[in-house]
Amino acid sequence: MTSQTSQKSKNKVWFIFAIVIVLLLIGLIFWQSNSTKKSAPSEQQKTADTSEQKAALTVTVIQPEQQNWKQTFTANGNVAAWQEVVIGSELSGQRLTHVNVNVGDEVKRGQVLAEINSDSIRADLTAAKASYAEAQAILADATSNYKRIQQLKNTGAISAQEAMQYQTSQSTAQARLQAAKAQIESHQLRLAQTQVISPDNGVISARTATVGALAQTSQELFRLIRNHRLEWRAEVTTTDLYKLKLGMTAQIFSPDPAQPAVVGQVRMISPVIDPQTRYALVYVDLPATQAVKMGMFVKGEFHLGEKSALTIPQTALLLRDGFAYVFIVGNNHRVAQQKVSVGRRWADRVEILDLPENVKLVASGTGFLADGDVVEIAKDIPDTPLTKQLVHSQGE
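These figures come from a predicted structure and were not determined experimentally. (Residues numbered from 1 in each chain as written. Predicted model: local features only at pLDDT ≥ 70, side-chain atom pairs only at ≥ 80, totals over all residues. Heavy atoms only, no water.)

Trainee: Honestly, the sheet that holds strand β11 (residues 220-226) in this entry has me stumped. Any pointers?
Mentor: Where strands meet in a sheet, backbone hydrogen bonds hold them as pairs that are either parallel or antiparallel. Taking strand neighbours across the sheet as the criterion, the four strands line up as β4-β11-β9-β6 in an open arrangement whose pairing is antiparallel. Only two strands of the sheet have a single neighbouring strand rather than two, namely β4 (84-88) and β6 (106-107). (Pairing = 2+ DSSP bridges. Helix = DSSP H or I, 4+ residues; strand = E, 2+ residues; numbered from the N terminus.)

Structure representation (structure tokens):
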């Protein structure tokens with residue numbers, strides 16, 4: 001009886017122990033279920049927040065556009081006179097008495113620029129004229145004597161030797177008369193040289209003449225820009241040199257932004273390349289203008305005609321770390337950053353050298369994007385000419 005009671009007690013303990021284990025297992029399963037339910041909304045919320053953060057930027061999509069652009073290249077060079085005439089004195093030892101012009105004055109051909117003291121030359125000219133008159137009288141007397149002797153020679157009253165002497169006297173008097181005439185012409189020429197005359201129309205670019213200075217032969221008194229004609233001597237590289245032809249136009253830009261650009265024409269291309277600088281000079285004729293002055297070092301642009309270009313608005317271009325990028329929009333509204341090569345620029349558009357025409361690009365706001373971002377498209381752009389025109393107007 002006692003053993004049966006003990007056995008029942010053991011069975012009862014094991015039964016209670018089993019129930020406790022089952023309850024613990026049920027509690028553990030219930031706790032894990034609640035924990036999973038609580039964590040699932042948190043992950044979903046995190047994913048939703050991430051998606052919402054990436055798609056926060058709304059963009060406009062555009063496509064590259066083919067345009068005909070003027071093909072140009074720039075160069076630098078000096079503005080110089082087409083021809084600068086050096087005007088000097090042909091007399092020596094005479095002082096300047098008058099200087100009639102200054103730097104910047106416009107002059108005409110034959111205008112008197114300066115005058116040199118002519119008193120001594122006029123005195124020499126008067127003496128030469130007196131000598132000429134004396135030579136004329138001597139020649140007249142010698143001619144009269146020779147004619148009279150010729151008449152006596154035929155009668156035999158005078159010898160042939162005496163007749164020859166009279167003929168020699170006449171020839172000598174004739175030579176003296178010619179020498180006196182040459183002296184007059186020489187002094188008249190020197191008198192004319194006392195006036196420094198402008199050889200052509202133009203403007204005075206330099207002046208060293210001063211009143212009271214002693215003139216010397218070949219001494220520079222003035223410099224003259226002939227016909228106000230200037231030229232731009234552009235320094236062009238050997239590569240660009242072969243792009244140019246005579247008659248092409250070029251725009252020269254004044255250092256003063258308020259001045260309009262000056263349009264010139266290529267007159268001559270130098271056949272020689274400087275071995276030191278590796279540049280060649282291209283001479284561009286300039287019209288009369290106040291925008292540029294002689295001696296200025298200015299920039300210019302040569303026009304080479306039109307050439308097709310694949311262009312995008314400048315707002316669609318991202319400059320980062322010295323490189324240019326665009327953002328291509330995929331079908332899933334995810335953008336891909338792509339490095340591109342930039343060519344010419346015109347107004348607010350940029351030429352892209354290595355991009356296909358049929359891609360869709362982010363039009364603006366590229367600085368706020370990163371590679372792989374998801375964007376919202378404000379307006380999908382169909383591939384029609386009208387749409388391209390509207391996109392172009394939006395870019396502008």
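Additional details are given in the paragraphs that follow.
Trainee: What's the story with the pattern of salt bridges in this structure? I'm lost.
Mentor: Side chains that carry opposite charge are capable of pairing whenever their charged atoms lie near each other. Within this structure, the stated rule accounts for twelve salt bridges. Salt-bridge contacts for glutamate 65 lead to arginine 349; the nearest nitrogen and oxygen are separated by 3.8 Å. A residue pair is termed long-range when its members are at least 10 positions apart, and glutamate 65 in strand β3 (residues 65-81) and arginine 349 in strand β21 (residues 349-352) qualify at 284 residues. A relative accessible area of 5% places arginine 349 in the buried class. Here glutamate 220 ties to arginine 223 by a salt bridge, and the two come within 3.1 Å at their closest N and O atoms. The structure contains a network of salt bridges with shared partners spanning Arg229, Glu231, Arg233, Arg267 and Asp285. (Salt bridge = Lys/Arg side-chain N within 4 Å of Asp/Glu carboxyl O. Buried < 20%, exposed > 50% of the residue type's maximum accessible area, 1.4 Å probe, protein only.)

Trainee: Which parts of the structure should I look at to understand the side chain of aspartate 373?
Mentor: As for its position among the elements, aspartate 373 is in the loop between β22 (361-362) and β23 (376-377). For aspartate 373, the side chain forms a polar contact with the main-chain nitrogen of alanine 370, separated by 2.9 Å. Those residues in contact with aspartate 373 that sit more than four places away from it in its chain are His333, Arg334, Val335 and Phe368. (Polar contact = N/O pair within 3.5 Å; in protein donor to acceptor, adjacent residues only side chain to side chain. Contact = heavy atoms within 4.5 Å.)

Trainee: Hey, could you run me through the packing of aromatic side chains in this one?
Mentor: Describing an aromatic ring pair means giving the distance of the ring centres and the angle of the ring planes. All told, the structure shown has two aromatic pairs when counted by the stated rule. Residues phenylalanine 73 and phenylalanine 302 carry aromatic rings whose centres are separated by 5.2 Å and whose planes lie at 25 degrees to one another, so their mutual orientation is stacked. Of the two residues, phenylalanine 73 is situated in strand β3 and phenylalanine 302 in strand β16 (residues 297-313); the sequence distance between them amounts to 229 residues. Taking the relative accessible area as the measure of exposure, phenylalanine 302 reaches 0% and is therefore buried. Put simply, the rings of Phe73, Trp232 and Phe302 touch in pairs and so form one group of aromatic residues. (Phe/Tyr/Trp six-rings, centres within 6.5 Å; stacked < 30°, edge-to-face > 60°.)

Trainee: Would you mind going over the pairing of β16 with me for this structure?
Mentor: Look at any regular strand and the pattern is simple: side chains alternate between the two faces of the sheet. Note: β3 against β16, 13 bridges, orientation antiparallel. In the sheet register, glutamate 65 faces β16, and the bridge partner there is threonine 311. Here strand β13 (residues 249-253) runs beside β16; their pairing, made up of four bridges, is antiparallel. Counterpart to phenylalanine 253 in the pairing with β16 is lysine 299. As defined by bridge partners, β16 adjoins β21 across three bridges and the pair is classed as antiparallel. By the bridge assignment for β21, threonine 311 is matched with glutamate 351.

Trainee: Would you explain the side chain of aspartate 285 in this entry?
Mentor: Following the sequence through the fold, aspartate 285 ends up in strand β15 (residues 279-286). A polar side-chain atom of aspartate 285 sits 3.2 Å from a polar atom in the side chain of arginine 229. Only 2.9 Å separates the side chain of aspartate 285 from the side chain of arginine 267, close enough to count as a polar contact. Every residue in contact with aspartate 285, bar those within four places of it in the chain, is listed here: Arg229, Leu230, Glu231, Gly264, Gln265 and Arg267.

Trainee: Sorry, what's going on with the sheet that holds strand β8 (residues 195-197) here?
Mentor: The antiparallel open sheet is built from four strands, whose spatial order is β8-β7-β5-β10. Whereas interior strands pair on both sides, the edge strands pair on one side only; in this sheet they are β8 and β10 (214-215). As paired strands, strand β5 (residues 94-99) and β10 are joined by two bridges and run antiparallel to one another. Paired with glutamine 94 across the two strands is alanine 215, which belongs to β10.

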